[in-house]
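Listed below are the residues making up each chain.
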Amino acid sequence: MELNHRLLNFINDTLTTEHETVSVAENITSGLLQFSFAQMQNAKDIFKGGFTYTQNSDHVPELFNPEPEQHDGPSSHSIAERMALSISKIFRSDWGIGVHGNLISDGLKTIHANYCLAYRNEIVLSKTLELHPKTSSMSAQMYFTEFILGCLNCELKKLLILK
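Conventions and cut-offs
- Residue numbers restart at each chain and count upward from 1, following the sequence in its written direction.
- Two thresholds apply to this predicted model, a pLDDT of at least 70 for residue-level local features and 80 or more for giving and counting side-chain atom pairs, whereas whole-chain, interface and lining totals are computed over all residues.
- The side-chain numbers reported here are obtained from all heavy atoms of the structure, hydrogens and water having been left aside.
- Note on conventions: DSSP H or I runs of at least 4 residues are helices, E runs of at least 2 residues are strands, and numbering of each starts at the N terminus.
- Exposed residues in this analysis have more than 50% of their type's maximum accessible area, buried residues have under 20%, and partly exposed residues fall in between, with area computed by a 1.4 Å probe over protein chains only.
- Every accessible area reported is derived by Shrake-Rupley at a probe size of 1.4 Å, with residue values counting cover from the shown protein chains alone.
- Pairs of strands are assigned from DSSP output, requiring at least two bridges between the strands.
- The angle between two axes is taken between their N-to-C directions and runs from 0 to 180 degrees, where each axis is a line fitted to C-alpha atoms and a helix contributes only its stretch in contact.
- Every residue pair with non-hydrogen atoms within 4.5 Å of one another is taken to be in contact.
- Polar contacts, as used here, are pairs of N or O atoms within 3.5 Å; protein pairs need one atom able to donate a hydrogen and one able to accept it. Residues neighboring in sequence count only if both atoms are side-chain atoms.
- Grouping buried Ala, Val, Leu, Ile, Met, Phe, Trp, Tyr and Cys residues that are joined through side-chain atoms within 4.5 Å yields what is termed a nonpolar core.

Help me out: how do you make sense of the overall build of the protein chain in this one?
Looking only at helices and strands, the protein chain has five helices and five strands in total. For the protein chain, buried positions account for 48% of its 163 residues. Surface accessibility of the protein chain: about 8900 Å² in total, with carbon and sulfur atoms responsible for 52%.

Given below as structure tokens:
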């Protein structure tokens, strides 16, 4: 397991320079996003904390699923969005990252991650990433982690341009 150190360094440097913080709520990445932030040089200043729950079922902690389920249940996008918004409120961070998905392929279904980036209580990105159903769990988790960090990198660059 090898992290992209250039990517982590850019995120670390940008968050440090801008005096901003991040927190994470995740299930499909099994704590790899939190691990990535903890590896950054200024982790104690930029990483406020996180929450990981297991992938045993479609169960989502009530904290991230406050609305009663309807007939179809909550959409995974709305779960990832609530996760990102809730975790940034809990830890009082500027950025919140939520990721929720499925690592187990059922027939023709793909392995997927619904992810969301929230900045100062506003959703700035909410998408789904799909992988081939035969992708190994570890490869999928690493890919999702690096992809989401890459998305954060892009959002940080946008923020710098707009300042």
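Picking up after the structure, the text goes on.
What exactly am I supposed to notice about the sheet that holds strand β4 (residues 111–119) here?
For sheets, the rule is that strands pair by backbone hydrogen bonds, running either parallel or antiparallel. Judged by pairing direction, the sheet is mixed, and its five strands sit side by side in the order β2-β1-β3-β4-β5 without closing on themselves. Edge positions in the sheet fall to β2 (47–52) and β5 (122–131), since each of these pairs with one other strand and no more. The mean angle between the axes of side-by-side strands here comes to 10°, regardless of whether they run parallel or antiparallel. Across five bridges, the pairing between strand β1 (residues 22–26) and strand β3 (residues 95–102) is parallel. Bridge pairing links Val24 to Ile97 in β3. Packed on one face of the sheet, helix α5 (residues 137–162) meets β3, β4 and β5 and runs near 25° to β4.

Got a minute to help me understand the side chain of Asp94 in this structure?
Relative to the elements of secondary structure, Asp94 occurs in the loop between α4 (76–91) and β3. Accessibility expressed as a relative area gives 17% for Asp94, which makes it buried. Engagement of the side chain of Asp94 in a polar contact is seen with the backbone nitrogen of Thr21, the distance being 2.9 Å. With sequence-adjacent residues up to four places away left out, Asp94 is seen in contact with His19, Glu20, Thr21, Ala118, Tyr119 and Arg120.

Just checking my understanding: could you explain the nonpolar core for this structure?
In a soluble, globular protein the nonpolar side chains are often hidden away together inside. If you look at the biggest cluster of nonpolar residues, it comprises 35 residues, and the most contacted ones within it are Ile11, Phe37, Trp95, Ile97, Phe144 and Leu152. At the level of elements, α1 (5–17), β1, α2 (32–38), β3, β4, β5 and α5 are the ones that each hand at least two residues to this core. No other element matches the nine residues that α5 contributes to this core. Aside from chain neighbours lying at most four places away, what touches Phe144 is Ile28, Thr29, Leu103, Ile111, His112, Ala113, Leu129 and Leu131.

Would you mind showing me how to read the environment of Glu155 here?
Tracing the backbone through its elements, the reader meets Glu155 in helix α5. The spatial distance from the C-alpha of Glu155 to the C-alpha of Val124 is 8.0 Å, given a sequence separation of 31 residues. Sequence-distant contacts of Glu155, defined by excluding residues within four places in its chain, comprise Trp95, Leu117, Val124 and Leu125.

Help me understand the pairing of β3, please; the structure alone is not making it clear to me.
Each regular strand carries side chains that alternate between the two faces of the sheet. Burial within β3 is extensive, with eight of its eight residues counted as buried. Covered by surrounding structure in β3 are Trp95, Ile97, Val99 and Gly101 together with Gly96, Gly98, His100 and Asn102, the residues of both alternating faces. As judged from the eight bridges shared by β3 and β4, these two strands associate in the antiparallel manner. Counterpart to His100 in the pairing with β4 is Asn114.

Could you clarify how one ought to interpret unusual backbone geometry in this entry?
A positive phi angle, close to 55°, is found at His19, a residue other than glycine. Residue classification places His19 among the exposed residues on the basis of a relative accessible area of 70%. Non-glycine residue Arg92 carries a positive phi angle of around 55°. Here Arg92 lies in the loop between α4 and β3.

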